[in-house]
Structures are given as C-alpha cells and as structure tokens.
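If you want the building blocks of each chain, they are given just below.
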Amino acid sequence: MGLKFAFLRGIELEFKRRWMRLRRWHLFLRSVEVEFKQISLSVRRSENALLAALTAIFAKIGLEGINSHFATFIRTIVIILCLGAFLRYAKIWQPLSSLTARNWVFLILSGLATGASWLAYFKALQIGKAYQVVPIDKLSVVLVVIIAVIFLGERPSLREWLALALIGAGVMMLAFK
C-alpha cells in the first residue's frame, strides 16, 4: 500500500509541477501580449522589414526543385491558416455580411493583384538572384506613392519625394548592372 501511495503521490506532484509551469507560461504569454500592444510604430516597421527579408530568403531556398506557382499556392495556404488562427485568437473575426459592395470589389481586386504579384515574385526569385529580385519588388514603394498621388489625392512633402527618388535610384543600382 505504501509503494502505491508513493507512486500516486509522485504522479500528483508531477502534475502540479507541470500545471504550475503551464500557468507560468500562460502568464508570460499574457505579459508578452500586453507588451506587444505597446510596441512603437518604428519597432513594428523594423519587424516588418526583417520579416520581409526572411520571407524572400526562405522563399528562395524553398523554391529549389519545385514549380514556383505551386510554391505560391503552398505559401497562400499557410497564410490563410495563420491569419484565420490570428483572427480567431484576437477575436476580431467579422461576419462577411458586414462588408459593403465597395469593400468586396476592392478587396477582390487587391487579392487578384496580390496573387499575380506573388506568382511573378516567386518566379523571379526562382530564376534570379535574391539580391536583384527583391529590390525590384520594393520599387512598388515608389509606384504606390505615384498612384496614391494620382488617384487618392495624397501629397507627399519635398523630403518624402527625395526619399522616394533615393529608393528608386537604389533599386536601379542594385537590380541592373
């Protein structure tokens, strides 16, 4: 009877130890979540740049030996699953009925443009050098501003135009010999 009791007591203590570890992990994640919400915009931008860089490198490696369009399909599935989990976890899922016709039209157009862009980007990464393909992709920054000026009436400052010219010049220097 003593051995059985000691065994059960050991299981109970192990369960409590693991439960406390799990509880500490949960509290840690909560604190990280609170801190994450307080991160400044510049840090978020830096994270975005790092993740975009990793995206290009991971994609270049992942494209070896497979069709670039199939790779884009796999990437899209991963994105859908991750975003679905995020929306559910963050409790920000919206009913589709909350979208207006205008929302639908422009989100569908954006999705089509994104899909075509990804197909072209992955194909270019597959056949070209990452350090030459990625800058061309970033030329979209300059194009976005030009299109926003024409169609959205946005007005960048002289300083911002200069920065865009430097981006454009940098892209040309990196991408073309």
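A.B. asks: I keep staring at the pattern of salt bridges and nothing clicks. Help me out?
C.D. replies: Working definition: two side chains of opposite charge can pair if their charged atoms are close together. In this structure the tally under the stated criterion is 1 salt bridge. In this structure, the salt-bridge partner of Lys138 is Asp137, at a minimum N-O distance of 3.1 Å.

A.B. asks: Would you mind showing me how to read helix H6 (residues 140-152) here?
C.D. replies: In an α-helix there are 3.6 residues to a turn, and that puts residues three or four apart on one side. Looking at H6, one finds that the buried residues are Val142, Val145, Ala148 and Val149. One face of H6 carries all of its buried residues, which in axial projection span an arc of 130°. Opposite the buried face of H6, at more than 90 degrees from it, the exposed residues are Val144, Ile150, Phe151 and Leu152. Among the structural elements, helix H5 (130-138) and helix H7 (158-175) are those in contact with the buried residues of H6. Note on H6: the residue one or two positions beyond its end, Gly153, has a positive phi of about 75°.

A.B. asks: Explain the side chain of Thr72 here, please?
C.D. replies: On the secondary structure map, Thr72 appears in helix H3 (residues 68-90). A residue is classified by how much of its surface remains accessible, and Thr72, at 5% relative accessible area, is buried. Within the structure, the side chain of Thr72 is placed 2.9 Å from the backbone oxygen of Ser68, a separation counted as a polar contact. In this structure, Thr72 is in contact with Trp118, Leu119 and Phe122, ignoring residues within four places of it in sequence.

A.B. asks: Please clarify how the packing of H5 against H6 should be interpreted in this entry.
C.D. replies: The angle between the axes and the distance between the axes are what describe a pair of packed helices. Here H5 crosses H6 at 10°, and the two axes come no closer than 5 Å. Between H5 and H6, the angle is such that the two are roughly parallel. Note on element contacts: H6 touches H5 through Ser140, Val141 and Val142, opposite Ile136, Asp137 and Lys138.

Conventions we followed
- Residues numbered from 1 in each chain as written.
- Predicted model: local features only at pLDDT ≥ 70, side-chain atom pairs only at ≥ 80, totals over all residues.
- Heavy atoms only, no water.
- Salt bridge = Lys/Arg side-chain N within 4 Å of Asp/Glu carboxyl O.
- Buried < 20%, exposed > 50% of the residue type's maximum accessible area, 1.4 Å probe, protein only.
- Helix = DSSP H or I, 4+ residues; strand = E, 2+ residues; numbered from the N terminus.
- Arc of directions from axis to C-beta.
- Contact = heavy atoms within 4.5 Å.
- Polar contact = N/O pair within 3.5 Å; in protein donor to acceptor, adjacent residues only side chain to side chain.
- Axes fitted to C-alpha atoms, helices over the stretch in contact; angles between N-to-C directions.
- Parallel < 35°, antiparallel > 145°, perpendicular 65-115°, else oblique.

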